[in-house]
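As a plain string of letters, each chain reads:
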Amino acid sequence: MQGEWGGESVGEDVWETCRELIPAGSVFAFLAEHREVLFPGSMFADMYPSTNGRPSMPPQVLAATVVLQSLHGLSDFETVQELRCDLRWKAACGLGLHDTAFDPSLLTYFRRRLQRSGDPNRLFDKVKEVVAATGVLKGRQRRALDSTVLDDAVATQDTVTQLVAAIRRVIREVPGAEQTAATWCTAHDYTDPGKPKIAWNDEQARADLVDALVTDALNLLGRLPERQLGEAAANAVGLLALVAGQDVEPAEDSDGRDGRWRIARGTVPDRTVSTVDPEARHIHKNRTRHQDGFRAHVAFEPVTGVFTEVALTAGSGAENHEAAIARGLLADEESPVTVLGDAAYGTGDLREHLQAQGHDLVLKPPPLKPAVPGGFTADEFTVDTDRGEVTCPAGHTAALGRPLANGSRQAQFKKLCADCPLKDRCTRSKTGRVFSVHAKYDLLKAARDQAATDPDWQAEYRRWRPPVERAIAWLVAKGNRRVPYRGVIKNDAWLHNRAAALNLRRLINLGLTRTNGTWTLATAHA
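Structure report, in brief.

### Quick look at the nonpolar core
Step number 1: Counting residues in each nonpolar core, the largest one holds 83 residues, and the members touching the most others are Leu31, Phe39, Phe44, Phe110, Phe307, Leu504 and Leu512.
Step number 2: With ten residues, helix H17 (residues 488-509) is the single largest residue contributor to this core.
Step number 3: Contact partners of Phe110, with chain neighbours within four places excluded, come to Phe44, Met47, Tyr48, Pro59, Leu62, Ala63 and Val66.
Step number 4: Counting residues in hydrophobic clusters, the runner-up holds 28 residues, among them Ile167, Leu239, Leu240 and Ala244.

This is how it looks when you write it as structure tokens:
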């Protein structure tokens with residue numbers, strides 16, 4: 001059942017007796033004075049439906065603790081130590097001078113209750129209500145979008161470790177798998193907790209081990225008893241199938257049908273990096289920057305420094321691309337805004353969606369890549385989508401074909417390229433150029449033209465897009481480039497709590513106070 005705050009404390013009230021020691025204008029002082037109003041017990045009632053049992057720690061105390069923990073990037077153990085030993089934390093969370101706080105596991109239980117509730121991001125939403133009440137965003141009609149890769153909380157595993165761990169998991173979780181493994185899995189003793197015992201400095205020995213482990217995995221997957229699997233067993237089988245194929249390829253002299261394997265050259269972009277956290281991925285942020293972890297997405301008001309929305313997703317998949325997540329980041333905007341973003345947000349689908357919502361777009365168009373280095377780009381061709389024609393730089397015209405499955409159309413210049421003096425600058429194909437026209441070509445072409453020629457657009461982008469880098473710097477400061485938990489759901493909740501803490505600190509710095517029952521800013525904001 002939900003515990004209620006009765007006003008009693010263990011020892012002297014720290015806020016009443018040591019107020020002059022708590023830094024004025026800090027998050028600690030604000031929570032000490034306004035904690036009960038900001039996070040009233042009633043906003044957590046749905047998390048404690050039972051009226052039986054021992055009363056919990058008052059949730060407003062835990063909410064204040066989670067906000068401070070998210071702000072300072074501390075573990076549960078470190079957080080409780082601060083509550084026990086730091087007067088600022090005691091004052092902010094309402095603990096008495098001699099209060100020893102609580103066991104760190106209570107924070108885990110509280111976060112779990114939040115995650116399983118109907119409103120897992122209620123701390124972030126509550127601070128958003130305060131933002132709205134102050135009017136700090138009134139007239140602020142710009143939203144800058146960006147994403148960043150956050151490192152995962154687990155160690156990246158090599159191919160051998162993943163294969164062994166995934167096979168062990170199937171043996172443990174799937175009924176009948178132990179008997180199958182005893183007969184068909186011979187590369188390693190999977191009851192041995194250690195890694196296989198080989199000469200690890202011998203390249204051939206490592207290659208033979210990988211070949212044998214993959215063979216074991218395929219034998220196990222192909223010979224499991226046919227039966228309905230529960231969630232844990234199905235997840236184990238799916239994970240083994242994934243890790244058995246992501247890092248290997250047929251051996252050098254194999255046609256792929258004789259069951260001989262080697263570690264693949266290169267790394268797949270969305271590689272599962274650990275069996276401990278299968279949702280963490282190998283992410284290519286750009287051509288030169290690769291990380292293992294998750295992707296954090298933010299919408300940010302660049303003048304006040306307030307996060308208007310955040311989201312954390314897996315690092316791969318079209319559904320987790322910046323342009324796909326951007327729709328949700330802007331979904332709660334009550335009126336049209338000016339949306340600023342880099343080339344990741346410059347897709348035709350997102351532009352079409354945002355324009356239909358009435359938003360003004362300052363989204364950098366994706367750069368065009370010539371088919372031949374130093375050669376012609378797509379914008380040097382003349383495309384008439386109404387007439388269905390494309391004219392190349394040499395003056396040749398070809399008709400556009402029917403739309404393909406992805407909506408694009410193609411113009412076949414092939415024979416026209418045979419004797420063309422510009423062919424070397426246009427295509428490497430021996431049979432001639434095939435020119436593809438995007439389904440949203442006219443929309444994307446207009447965006448490229450605007451970005452290249454409109455000085456107002458260029459000034460807007462240069463002035464207001466860079467501040468979002470400040471938001472990302474705030475987000476990852478104090479060791480928060482690495483997420484604290486495993487999986488998307490837990491880390492998405494953590495990201496919302498961190499954004500709530502950063503927003504609250506920003507509002508306090510702008511003079512947040514409560515006057516006549518209303519949240520206001522005591523100082524003017526720029």
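### Here's the deal with the state of the cysteines
Step number 1: For the structure on display, the rule yields zero disulfides.
Step number 2: Cys93 carries a free sulfur, and the closest cysteine sulfur to it, the one in Cys85, is 14 Å from it.
Step number 3: Left unpaired, Cys420 is separated from the closest cysteine sulfur, that of Cys392, by 5.7 Å.

### Observations regarding the sheet that holds strand E11 (residues 397-399)
Step number 1: Across the sheet, which stays open at both edges, the three strands sit in the order E9-E10-E11 with antiparallel pairing between neighbours. Here the strands that pair on one side only, and so sit at the sheet edges, are strand E9 (382-384) and E11. Pairs of neighbouring strands in the sheet enclose a mean axial angle of 15 degrees, with direction left out of account.
Step number 2: Pairing of strand E10 (residues 389-391) with E11 involves three bridges; the strand directions are antiparallel. In the strand pairing of E11, Thr391 is matched with Thr397.

### A short note on the pattern of salt bridges
Step number 1: Inspection of the entire model under this criterion finds 22 salt bridges.
Step number 2: With a shortest N-O distance of 3.8 Å, Asp332 and Lys128 are connected by a salt bridge. With a gap of 204 residues between them, Asp332 in the loop between helix H12 (322-329) and strand E7 (338-341) and Lys128 in helix H7 (residues 122-134) connect regions that are remote in the sequence.
Step number 3: Across the salt bridge formed by Lys197 and Asp192, the nearest N and O atoms sit 3.0 Å from each other.
Step number 4: We classify Lys197 as exposed; its relative accessible area is 71%.

### Some remarks on a positive patch on the surface
Step number 1: On the surface, Arg112, Arg116, Arg486 and Lys490 cluster together to form a positively charged patch.
Step number 2: As for its placement among the helices and strands, Lys490 is situated in helix H17.

### Concerning helix H13 (residues 348-356)
Owing to its 3.6 residues per turn, the α-helix aligns residues three or four sequence positions apart on the same side.
Step number 1: Of all the positions in H13, only Gly348, Leu350, Arg351 and Leu354 are classed as buried. What you see down the axis of H13 is that its buried residues fit within an arc of 160 degrees, all on one side.
Step number 2: Where H13 is buried, its residues touch H12, E7, strand E8 (360-363) and helix H14 (441-453).
Step number 3: Positive backbone phi, at 90 degrees, marks Gly358, one or two positions downstream of H13.

### A few points about the side chain of Thr148
Step number 1: Note on placement: Thr148 falls in strand E1 (residues 142-151).
Step number 2: The exposure class of Thr148 is buried, given its relative accessible area of 4%.
Step number 3: Reaching out from Thr148, the side chain makes a polar contact with the side chain of Arg481 at a distance of 2.5 Å.

Cut-offs used in this document
Residues numbered from 1 in each chain as written. Predicted model: local features only at pLDDT ≥ 70, side-chain atom pairs only at ≥ 80, totals over all residues. Heavy atoms only, no water. Core = buried A, V, L, I, M, F, W, Y, C linked by side-chain atoms within 4.5 Å. Buried < 20%, exposed > 50% of the residue type's maximum accessible area, 1.4 Å probe, protein only. Helix = DSSP H or I, 4+ residues; strand = E, 2+ residues; numbered from the N terminus. Contact = heavy atoms within 4.5 Å. Disulfide = S-S within 2.5 Å. Pairing = 2+ DSSP bridges. Axes fitted to C-alpha atoms, helices over the stretch in contact; angles between N-to-C directions. Salt bridge = Lys/Arg side-chain N within 4 Å of Asp/Glu carboxyl O. Patch = residues over 30% accessible without salt bridge, like charges linked within 9 Å, V, L, I, M, F, W, Y side chains within 5 Å. Areas by Shrake-Rupley, 256 points an atom, 1.4 Å probe, with all protein chains shown as cover. Lys, Arg positive; Asp, Glu negative; His and termini not counted. Charge placed at Lys NZ, Arg CZ, Asp CG, Glu CD. Arc of directions from axis to C-beta. Polar contact = N/O pair within 3.5 Å; in protein donor to acceptor, adjacent residues only side chain to side chain.

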